[in-house]
Amino acid sequence: MAFKYLIALVATATTLCVQAANYKRVACSDGKNTASNAACCPFFALRDDLQANLFNDQCGEETHEIVRLTFHDAIAFSSSLKSQGQAAGGGADGSMLVFPDVEPNFAANNGISDSVNALLPFLASHPEVTAGDLIQFAGAVGISNCPGAPKLEFKAGRPNATAPAPDGLIPEPQDSVDKIIARFADGGGFTPDEIVALLASHSIARADHVDPTIDAAPFDSTPFTFDTQIYLEVLLNGTGFPGTSDNVASPLPIGRGTSVGELRLQSDFAISRDPRTACTWQGFINQQQKMAAAFQAAMAKLAVNGQNTSNFIDCTEVVPDPVPANGKPASFPSTKSQADIQQACSDPSPLFLPMLVQLRPLFPTAPMRKPHAK
């Protein structure tokens, strides 16, 4: 009898817990979705709009550009300038969208007007979403289309920027490692390891404006997959200099005209070989989960950089579940082998390099662009 009574109590408690969990859900006005907080409801419509009318559910050029915008908007903050009472930038405050005729014109933001102009119609059609929230949410949605990417945390509540960030706060490819590390430290307390983790975004990047003589040059041979290939290929011996003579030698054969096998940023090249960052860089090769987790954590920090998060609402539930990784290990391009590795880390233990050559197309084809419906 006592046992039956205990079972009844457990069943009642379970029912109450389920009811309590359901009670906490909020029915959104769209009649389709529920959320843990009403503040998350507007992001369901925004998510669907972005996927249908900007990203087309693909890890294409639009995703590359928006992810770049999330970084350039958020890193534009200086704790030292703020302590001196000077204009210091607001970090992840959406100032790129609020002042589209100011920051996008800075030299370090060359070409970023493409992503700014792509998002401005969404800002107008979703007035309940602030500019800062739009940029970071769009980045989280876009990168979810890239196989292997982690689900990025998204917290809502950024107020709109009240002033543009000053010039000079965006790290540039020609900067020294010392300058880059100092800028990240001042720009949000980022460590050298976090810098290397954030550079995982270059695994899905292509350069349209780094060198005007080169058209959409990929940073690695798999620019539409979020994988560790970038960490391998940046360590390879180069075969020729694409574009202008100021560029780092590409590890892939140089094509003709504006078509190149690959463009390596001088900053990536230097960071991969600097003693403060080389082992972290090398340690991500063929460590997909480790790399994705480190990127996820660093992006969570970057996405709220410069913000007071005490009243932010966690709306990560609205971010789409990412496309799973394809399970393929990092591998040497068809013209390369283990002998081409320029190993900079003195500790060989983090080096997890593939021993077999896997043929890859030297000139990846981008997913077809879908005209913006906005």
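The structure under discussion appears in the preceding block.
Sequence order sets the numbering: in each chain, residues are counted from 1 along the sequence as written. For a predicted model such as this one, the threshold for reporting local features is a pLDDT of at least 70, and the threshold for listing and counting side-chain atom pairs is 80 or more; totals across whole chains, interfaces and linings nevertheless cover every residue. With hydrogens and water set aside, each side-chain value is computed from the structure's full complement of heavy atoms.

A word on the overall build of the chain
Each helix and strand in the chain was counted, giving 13 helices and 6 strands. Only protein chains enter the accessibility calculation, which uses a 1.4 Å probe. A residue is then buried if its area is under 20% of the maximum for its type, exposed if over 50%, and partly exposed in between. Split into buried and exposed, the 374 residues of the chain put 51% on the buried side. Only heavy atoms matter for contacts: two residues are in contact if any of them lie within 4.5 Å across the pair. Long-range contacts, defined as pairs at least 24 residues apart, comprise 72% of the intrachain contacts of the chain with a sequence gap of at least 6. Accessible surface area values rest on a Shrake-Rupley calculation with a 1.4 Å probe, where residue burial reflects the displayed protein chains alone. Of the roughly 16,500 Å² that the chain leaves accessible, carbon and sulfur atoms contribute 57%. Segments assigned H or I by DSSP are reported as helices when at least four residues long, segments assigned E as strands when at least two residues long, and all are numbered from the N terminus.

Overview of the packing of aromatic side chains
Aromatic rings from Phe, Tyr and Trp, taking only the six-membered ring of Trp, are treated as a pair when their centres fall within 6.5 Å; an angle between ring planes under 30 degrees marks them as stacked, one over 60 as edge-to-face, and anything in between as tilted. Here the structure, examined in full by the defined rule, presents 8 aromatic pairs. For the ring pair Y231 and W281, a centre distance of 4.8 Å and an interplane angle of 70° mean the geometry is edge-to-face. Remark: W281 occurs in helix α12 (residues 278-283) and Y231 occurs in helix α10 (residues 229-233); sequence separation between them is 50 residues. Note on accessibility: Y231 and W281 belong to one class, buried. Aromatic rings pair up to connect F43, F137 and F154 into one cluster. Only lysine NZ and arginine CZ atoms are considered, and such an atom sits over a ring when it is within 6 Å of the ring centre and within 35 degrees of the ring normal. One residue, R273, lies across the ring of F269, its end atom 3.8 Å from the ring centre. In this arrangement the basic side chain of K301 is found over the ring face of F190, its NZ or CZ atom lying 4.8 Å from the centre.

Some points on the environment of S79
Among the secondary structure elements, S79 is positioned in helix α4 (residues 79-83). Looking at S79, the relative accessible area reads 35%, which means it is partly exposed. For the pair formed by S79 and G188, sequence separation is 109 residues and the distance between their alpha carbons is 7.2 Å. The term polar contact refers here to a pair of N or O atoms within 3.5 Å; inside protein, the definition further demands a hydrogen-donor-capable atom paired with an acceptor-capable atom, and it admits residues adjacent in sequence only when both atoms are side-chain atoms. In this structure the side chain of S79 is engaged in a polar contact, spanning 3.0 Å, whose partner is the backbone oxygen of D186.

Some points on the environment of A107
Structurally, the position occupied by A107 is in the loop between α5 (95-98) and α6 (113-125). For A107, a relative accessible area of 62% translates into the label exposed. With 61 residues separating them along the chain, A107 and G168 place their C-alpha atoms 8.9 Å apart.

Some words on the state of the cysteines
The disulfide criterion used throughout: a pair of cysteine sulfur atoms within 2.5 Å. Across all of its chains, the model carries 4 disulfides by this definition. With a sulfur-sulfur separation of 2.1 Å, C40 is cross-linked through a disulfide to C315. The sign of the S-S torsion, about -85°, decides the handedness of the disulfide formed by C40 and C315: left-handed. Remark: C315 occurs in the segment after β6 (313-314) and C40 occurs in the loop between β2 (34-35) and α2 (42-55); sequence separation between them is 275 residues. Each member of the pair, C40 together with C315, is buried. Two residues share a disulfide in this structure: C279 and C345, whose sulfurs sit 1.9 Å from each other. A torsion of 85° about the S-S bond marks the disulfide between C279 and C345 as right-handed. Here C345 lies in the segment after β6 and C279 lies in helix α12, a separation of 66 residues in the sequence.

Digging into the pattern of salt bridges
The working definition used for a salt bridge is a side-chain nitrogen of Lys or Arg within 4 Å of a carboxyl oxygen of Asp or Glu. Taken as a whole and assessed by the stated rule, the structure comprises 10 salt bridges. Taking the shortest distance from any N to any O, the salt bridge between D48 and R47 comes out at 3.1 Å. On the accessibility criterion, R47 (17% relative accessible area) is buried. Salt bridges linked by common partners bring D178, D274 and R276 together as one network.

Considerations on the packing of α6 against helix α7 (residues 131-143)
In the contact formed by α6 and α7, the axes pass within 10 Å of each other and the chain directions differ by 125°. Our classification of the angle between α6 and α7 gives oblique. At the point where α6 passes α7, the crossing takes the right-handed sense. Residue-level contacts link L119, F122 and L123 of α6 to A131, L134, I135 and A138 of α7. Nonpolar residues are Ala, Val, Leu, Ile, Met, Phe, Trp, Tyr, Cys and Pro. Charged residues are Asp, Glu, Lys and Arg, and all others, Gly as well, are polar. Here the contact of α6 with α7 is built from residues that sort into 7 nonpolar, no polar and no charged. Interaxial angle, 0 to 180 degrees, is taken between N-to-C directions of lines fitted to C-alpha atoms, where a helix line uses only the stretch in contact. Angle categories: roughly parallel below 35 degrees, roughly antiparallel above 145, roughly perpendicular from 65 to 115, and oblique for all the rest. Note: crossing handedness is left-handed where the near helix turns anticlockwise from the far helix by less than a right angle, and right-handed where it turns clockwise.

Section: unusual backbone geometry
The backbone of N56 sits at a positive phi, close to 55°, despite the residue not being glycine. Examined against the element boundaries, N56 turns out to sit in the loop between α2 and α3 (61-74).

Shape descriptors only; they carry no functional weight alone.
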